[in-house]
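What the coordinates show
Chain by chain, the residues run as shown.
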Amino acid sequence: ALDTWNWSVGGGGKDQLDELEDRHFVTLVIADVPEDVDIAKITVQDRAMPTEASFPAHSRLVRALAERGYDGPITVQPHSKYLCNLTRDQSVEACARALDEIMAAAGLTKSGRLAGTAAEA
């Protein structure tokens, strides 16, 4: 399971991802590390919603995985403190909107297929 928040907090790099085989990826979870957080003091409460500033990085990762054949689930998973002032429907909509933006920027359809390919159908 690849969690972008855990990967970032742990100091993971793109070169390390490139070393993993496709069969190693079974799920992708997306969350941001806030820019102003002290990594030495970070907690799970610092799992932030992806933002427009981070969409390009997440999109590049999603596209790279899709090009390698990944077709598993992709989830946006911020800590509840980022959603607590929203209704359930608004929370779902906020996460769906972020995921839609990331997927569109990655050139993927909502089904996770690369747009414009035979596999899109």
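Calculation rules
- Residues numbered from 1 in each chain as written.
- Predicted model: local features only at pLDDT ≥ 70, side-chain atom pairs only at ≥ 80, totals over all residues.
- Heavy atoms only, no water.
- Salt bridge = Lys/Arg side-chain N within 4 Å of Asp/Glu carboxyl O.
- Helix = DSSP H or I, 4+ residues; strand = E, 2+ residues; numbered from the N terminus.
- Buried < 20%, exposed > 50% of the residue type's maximum accessible area, 1.4 Å probe, protein only.
- Contact = heavy atoms within 4.5 Å.
- Axes fitted to C-alpha atoms, helices over the stretch in contact; angles between N-to-C directions.
- Parallel < 35°, antiparallel > 145°, perpendicular 65-115°, else oblique.
- Left-handed = near helix turned anticlockwise from the far one by under 90°.
- Nonpolar A, V, L, I, M, F, W, Y, C, P; charged D, E, K, R; others polar.
- Core = buried A, V, L, I, M, F, W, Y, C linked by side-chain atoms within 4.5 Å.
- Pairing = 2+ DSSP bridges.

Overall, the coordinates contain four salt bridges when judged by the stated rule. Here Asp3 makes a salt bridge to Arg47, at a shortest N to O gap of 2.9 Å. In this pair, Asp3 is assigned in strand S1 (residues 2-3) and Arg47 in the loop between strand S2 (28-30) and helix H3 (55-67), connecting sequence segments 44 residues apart. A single burial state applies to Asp3 and to Arg47, both of which are buried. Between Arg97 and Glu93 there is a salt bridge, with its nearest N and O atoms 3.3 Å apart. With Arg97 and Glu93 both in helix H4 (residues 88-105), this residue pair falls four residues apart, about one helical turn. Overall, Arg97 belongs to the partly exposed group, its relative accessible area being 44%. Exposure remark for Glu93: the relative accessible area of 42% places this residue in the partly exposed category.

With respect to the element layout, Thr4 can be found in helix H1 (residues 4-9). For Thr4, a relative accessible area of 7% gives the class buried. Beyond its immediate chain neighbours, meaning those up to four positions away, Thr4 contacts Leu28, Val29, Ile30, Ala31, His58 and Leu61.

A few words now on the environment of Val92. Among the secondary structure elements, Val92 is positioned in helix H4. For Val92, a relative accessible area of 53% corresponds to the exposed category. Distance in space between the C-alpha atoms of Val92 and Val76 is 9.7 Å, their sequence separation being 16 residues.

Close contact between H3 and H4 brings their axes to 8 Å; oriented N to C, the two are set at 60°. Viewed along their axes, H3 and H4 adopt a mutual orientation that is oblique. In this structure, the crossing between H3 and H4 has a hand that is right-handed. Between H3 and H4, the residues in contact are Phe55, His58, Ser59 and Val62 and Ala98, Glu101, Ile102, Met103 and Ala105, respectively. Class assignment for the residues of the contact of H3 with H4 results in six nonpolar, two polar and one charged.

As a rule of thumb, soluble globular proteins bury nonpolar side chains together. Membership of the largest hydrophobic core comes to 23 residues, with the highest contact counts inside it found for Leu2, Leu28, Met49, Val62, Leu65 and Ile74. Counting residues per element, the ones that place at least two in this core are S2, H3, strand S3 (74-76) and H4. Take this core: its biggest share by element is six residues, from H4. Contact partners of Leu2, with chain neighbours within four places excluded, come to Trp7, Leu17, Phe25, Thr27, Leu28, Val29, Leu61 and Leu65.

Here we take up the sheet that holds S3. Through backbone hydrogen bonds, the strands of a sheet pair up, either in parallel or in antiparallel fashion. Taken together, the three strands give an open sheet; going across it, the order is S1-S2-S3, and neighbouring strands pair in parallel fashion. A strand with exactly one partner marks an edge of an open sheet, and here the two such strands are S1 and S3. As paired strands, S1 and S2 are joined by two bridges and run parallel to one another. Paired with Leu2 across the two strands is Leu28, which belongs to S2. Packed on one face of the sheet, H3 meets S1, S2 and S3 and runs near 175° to S2.

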